[in-house]
Amino acid sequence: MTSAAPVTAPGGAAAGAQELRTVLTVPGMHCAGCMAKVERTLAAISGVSAARVNLTARTVAVAHDQRATVPGLVAALAGAGFAAQPRLDLVEPASAVRPLLAPLAVAAFACMNVMLLSVSVWAGADGSTRVLFHWLSAAIGVPAIAYAGLPFFASAARALRRGTTNMDVPISIGVVLATGLSLHETVIGGAEAWFDGTLMLLLFLLAGRVLDAMMRDRARAGVDALLRQAPDGAMVVGEGGSLAWCTAADLQPGMVIRVGAGERLAADGTILTGTSRFDQSLLTGESVAIATGPGGKVLAGTLNLENPVDVRVIAAGADTSLADIARLMEAAGQVRSRHVRIADRAARLYAPAVHTLAAISFVGWMIAGAGVHHALVIAISVLIITCPCALGLAVPVAQVVAAGALMRRGVLVKDGSALERLATVDRALLDKTGTLTMGRPVPDAACLDALGGEGAAVALALASHSRHPLSQALAQALAARGVQAATIDAVVETPGQGLRAQWGTRAVALGRPAGAEGLATALTITGEPVRIIRFADAPRPDCAVALARLAGMGIDCAILSGDNPAAVAQMAALTGLPAQALASPAAKQAAITALQAAGARVLMVGDGLNDGPALAAANASIAPGSASDVGRQAADLVFTGDSLLALPRAVGVARATMRVVKQNFAMAIGYNVLAVPLAMAGLVTPLVAAVAMSTSSLLVIANSLRLARAARDPSRRGAA
Amino acid sequence: MTSLALLIPIALAMGLIGLGAFFWALRRGQFADLDGAAARILIDDEDDRVLP
């Protein structure tokens, strides 16, 4: 989009000011209000000459000079409530739609004009007028067919070179033969030319391809925007205590990095100074935070929960424990690459059948005594009438409508084959931490009730002053209950100890309770007993309803977790599911392979790095939006809300999609059952072909549009 | 026939103009952000800043 780049500011700008262009990803933009806010916030910064949001890609392109810096832009957006991140590669990600738009436009233009001429021929033009019209049609049609047909010819050639066949092979053969026959008819001044039908076929098929590509582009843009959020780097402590930010790729063993509370480690290392607790749930599934002090080993990807610590890096980049998991994943994607899309499966049956029918017609008419020319015309008309016009739309239209419906309900579908694979699953394995549960500490409701009105107001006031994960969780939970913060002064935060402040005449504190087990914080108000607030990883909302619905769909669920047996047993008792604990990434993958060997089609639902290989190995996989990068990348579907109801909804829509696809196939085949005997009898004219083709395509589209409502809950009582 | 000789070139020319306009729009990035274009109409013009 070079032409979309801003023009350099005219004369009045400061001399020598260099025009810079920065692209920021802003995943939180959803609507016109967000767009306006982002653009106005950025435009108000001095040095920014233009800001333009791309809502599809969730990015904003900013034209600015040196007075506005990238961190300044990010900070301004953070002030407006949007998390932003500079996009490193300025190259637009390759779009699957754009290369198809030009052929689609050419096919549409040529189809309209040729149809205009064809209608006159059908209406009775003959003699020199008909010859003239046929020549005009050829002049428009042949170049247009050559150009608009290229995507199909190229794909068919690729398939044939590999010794396989796909939908594009019969399409290409039909198009080339029909064009050849029509040219021949035009030259000899014959009665019928098929340019209109051929172009209409290409137009409908290209429309199907564009829809398919559009779905992939949209979902990928959504997932990419989530992915780029990941902070990948660390604050490096230099000689003499200087601090500098360093990206994960540039970290070297031996460097000392400072990791604040609430930050994720970018490399494996040993602790030099400080003690803290580390949440390894993303890496191992272990839900209990592990306390580690000087000399203890900590792993990349774990979350520092309590105090800032200095860590000496012992492994970075490809040597970390993260990279081992990535290597496991590379080997795991075989089941999916073996999946043959339903359109291609249909083509494998369809192509030989169509070509046999055409050959039979040719031989039959030769035996019946017709000339070679007549027999050939009939054989080719059979090919044209059976060309999979409705078949080409049957799958993509249904999948695009379904994916759009799911996207509106917060489920991103990466591609159409994901829906096909998801529709067939009969077993589901669910990770525990972060998947069945929220994966973050949530304060115990009973403890919050026990705070009382004043206590809650003071707790919220204190907690809102800290970036500590527990404080943030507490503030979020209290704010969600509608608590108003009390007015406090002189707030002091001591790392590792907590917060102290004055509330009127009384001293108040929120901090680590002495000798408490597990995750907890203590609220102290002078003159009142100390109140302990416990935190636990809570199950996702609608967990029980979602699991019951999955069971009702005939899907056997089980828990497959890397967490300790006690925590898993608790969750298993709560959900009533069989469970396996202490599963390593390789063990999870092995469990799936074993089920697949026994004939099951497995859905894996997981979020962690440790689920990556399992997500890649399963027949279909779903990850929550809060998952690790690895999880989101490996999964076929990503759901953005908290509610687990996204699982039965996604499976339900996938099954409904396959039902509609099968109905569409039935319609397309039913049309052929009617039309082929006519064609073989030599009764099909270009007019009949044009009418039949467009009618069947419209029927298929109308049937697919019913899926727009598929993502609605079966009952209206669903979670808001 | 004389009317045809006039009308057919006109029809083709108009079609070609449409095709040309589409290609122009495609190259100018008009189809780069379809969701944004749909939402942009809803933005209120709170401030009519005149850009220099």
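Calculation rules
- Residues numbered from 1 in each chain as written.
- Chains lettered and ligands numbered in written order.
- Predicted model: local features only at pLDDT ≥ 70, side-chain atom pairs only at ≥ 80, totals over all residues.
- Heavy atoms only, no water.
- Helix = DSSP H or I, 4+ residues; strand = E, 2+ residues; numbered from the N terminus.
- Buried < 20%, exposed > 50% of the residue type's maximum accessible area, 1.4 Å probe, protein only.
- Areas by Shrake-Rupley, 256 points an atom, 1.4 Å probe, with all protein chains shown as cover.
- Salt bridge = Lys/Arg side-chain N within 4 Å of Asp/Glu carboxyl O.
- Pairing = 2+ DSSP bridges.
- Arc of directions from axis to C-beta.
- Contact = heavy atoms within 4.5 Å.
- Expected span 1.5 Å × (residues − 1).
- Bend = angle between axes of the 7 residues up to and from the residue.
- Patch = residues over 30% accessible without salt bridge, like charges linked within 9 Å, V, L, I, M, F, W, Y side chains within 5 Å.
- Polar contact = N/O pair within 3.5 Å; in protein donor to acceptor, adjacent residues only side chain to side chain.
- Nonpolar A, V, L, I, M, F, W, Y, C, P; charged D, E, K, R; others polar.
- Axes fitted to C-alpha atoms, helices over the stretch in contact; angles between N-to-C directions.
- 1 Å grid on protein atoms, 1.4 Å probe; cavity = no way out; pocket = protein on both sides within 12 Å on 5 of 7 lines; lining within 4 Å.
- Points joined across faces, edges and corners; volume = space filled by probe spheres on them.
- Parallel < 35°, antiparallel > 145°, perpendicular 65-115°, else oblique.
- Left-handed = near helix turned anticlockwise from the far one by under 90°.
- Phe/Tyr/Trp six-rings, centres within 6.5 Å; stacked < 30°, edge-to-face > 60°.

Caption draft 1: Region of the structure containing the overall build of chain B. A tally of regular secondary structure across chain B gives two helices and zero strands. Buried residues in chain B amount to 21% of all 52 residues. Put simply, chain B shows about 4,000 Å² of open surface, and 67% of that area lies on carbon and sulfur atoms.

Caption draft 2: Structural view of the pattern of salt bridges. All told, the structure shown has ten salt bridges over all chains when counted by the stated rule. In this structure, the salt-bridge partner of Arg40(B) is Glu39(A), at a minimum N-O distance of 2.9 Å. Of this pair, Arg40(B) sits in helix H2 (residues 34–40) while Glu39(A) sits in helix H1 (residues 32–43), placing the two residues on different chains. Each member of the pair, Arg40(B) as well as Glu39(A), is classed as buried. Across the pair Asp611(A) and Lys588(A) runs a salt bridge whose closest N-O atoms are separated by 2.5 Å.

Caption draft 3: Quick look at the pairing of strand E13 (residues 309–315) of chain A. All names here are of chain A. Most of E13 sits out of view: five of its seven residues are buried. Examined bridge by bridge, strand E8 (residues 268–273) and E13 share five bridges and lie antiparallel to one another. Bridge pairing links Asp268 to Ala315 in E13.

Caption draft 4: Structural view of helix H18 (residues 543–552) of chain A. All names here are of chain A. Looking only at H18, the buried set comprises Cys543, Ala546, Leu547 and Leu550. For H18, the angular spread of the buried residues around the axis is 95°, confining them to a single face. Counted as exposed and oriented over 90 degrees from the buried face of H18: Ala544, Ala548 and Gly552. Those residues of H18 hidden inside the fold are in contact with strand E15 (427–430), helix H15 (432–436), strand E22 (556–560), helix H19 (565–575) and helix H23 (646–680). Positive backbone phi, approximately 85°, marks Gly554, located one or two places after H18.

Caption draft 5: Local environment of H23(A). Residue and element names in this part refer to chain A. Relative to the 51 Å expected for 35 residues at 1.5 Å per residue, H23 spans 50 Å between its end C-alpha atoms, a close match to the ideal helical length. Along H23, the largest kink reaches about 30° and is centred on Leu674; proline Pro677 follows within four residues of it. Where H23 terminates, the next one or two residues include Gly682, which has phi positive at roughly 80°.

Caption draft 6: Spotlight on a nonpolar patch on the surface. Side chains of Val131(A), Trp135(A), Val187(A) and Ile188(A) sit close together on the surface and give an oily, nonpolar patch of about 370 Å² of accessible area. You can see Ile188(A) is positioned in helix H6 (residues 168–188).

Caption draft 7: Examining the interface of chain A and chain B more closely. Every contact between the two is made by 28 residues of chain A and, on the other side, 29 residues of chain B. The interface formed by chain A and chain B holds one salt bridge in total. Connecting chain A to chain B are two residue pairs in polar contact (both at pLDDT 80 or more). Going through the elements one at a time, H1, strand E2 (48–54), helix H3 (98–122) and helix H4 (128–148) of chain A are the ones with two or more residues in the side of chain A that touches chain B. With nine residues, H3(A) is the single largest residue contributor to the side of chain A that touches chain B. Its residues assigned to classes, the side of chain A that touches chain B shows 18 nonpolar, five polar and five charged.

Caption draft 8: Just the sheet that holds strand E3 (residues 59–64) of chain A, in detail. Residue and element names in this part refer to chain A. Here we have four strands laid out as an open sheet, ordered E2-E3-E1-E4, and antiparallel in their pairing. If you trace the sheet from one side to the other, it starts and ends with E2 and strand E4 (85–86), each paired once. Here E2 runs beside E3; their pairing, made up of six bridges, is antiparallel. Counted as the bridge partner of Val48 is His64 from E3. Its contacts with the sheet place H1 against E2 and E3, and it is angled at close to 165° to E2. Across the sheet, helix H2 (residues 70–79) touches strand E1 (20–25), E2, E3 and E4, and the angle it forms with E1 is around 40°.

Caption draft 9: Seen up close, the side chain of Ser172(A). Residues and elements named next belong to chain A. Secondary-structure assignment places Ser172 in helix H6. A distance of 2.7 Å separates the side chain of Ser172 from the backbone oxygen of Asp168, its partner in a polar contact. Leave out the neighbours within four places in its chain, and Ser172 touches Phe152, Phe153 and Ala156.

Caption draft 10: Representation of empty space enclosed by the protein within the structure. Evaluation of the coordinates by the stated rule reveals three cavities of 30 Å³ or more. There is about 40 Å³ of room inside the largest cavity. In terms of lining residues, the largest cavity is bounded by Asn113(A), Leu116(A), Leu117(A), Ile8(B), Ala11(B) and Leu12(B). For the lining of the largest cavity, the secondary structure elements donating two or more residues are H3 of chain A together with helix H1 (2–27) of chain B. Among the residues forming the lining of the largest cavity, the class breakdown is five nonpolar, one polar and no charged.

Caption draft 11: Examining the packing of helix H11 (residues 342–367) of chain A against helix H12 (residues 372–386) of chain A more closely. Residue and element names in this part refer to chain A. It is the contact of H11 with H12, at a shortest axis distance of 8 Å, that shows an interaxial angle of 155°. In terms of orientation, H11 lies roughly antiparallel with respect to H12. Crossing handedness for the pair H11 and H12: right-handed. Facing Tyr350, Val354, His355, Leu357, Ala358, Ser361, Phe362, Trp365 and Met366 of H11, the residues of H12 in contact are Val372, His374, Ala375, Leu376, Ile378, Ala379, Val382, Leu383 and Thr386. Among the residues making up the contact of H11 with H12, the classes are represented as 14 nonpolar, four polar and no charged.

Caption draft 12: Molecular detail of the pairing of strand E21 (residues 531–539) of chain A. Residue and element names in this part refer to chain A. Note: strand E16 (residues 437–443) against E21, four bridges, orientation antiparallel. The residue of E21 that forms the bridge with Thr437 is Pro539. Pairing of strand E20 (residues 520–525) with E21 involves four bridges; the strand directions are antiparallel. Its bridge partner lying in E21, Leu523 is registered against Arg531. Between the antiparallel neighbours E20 and E21 lie five residues, among them Gly527 with a positive phi of about 90°.

Caption draft 13: Broad picture of the packing of aromatic side chains. All names here are of chain B. In this structure the tally under the stated criterion is one aromatic pair over all chains. With centroids separated by 6.2 Å and ring planes inclined at 70°, the aromatic side chains of Phe22 and Phe23 adopt a geometry described as edge-to-face. The exposure class of Phe22 is partly exposed, given its relative accessible area of 23%.

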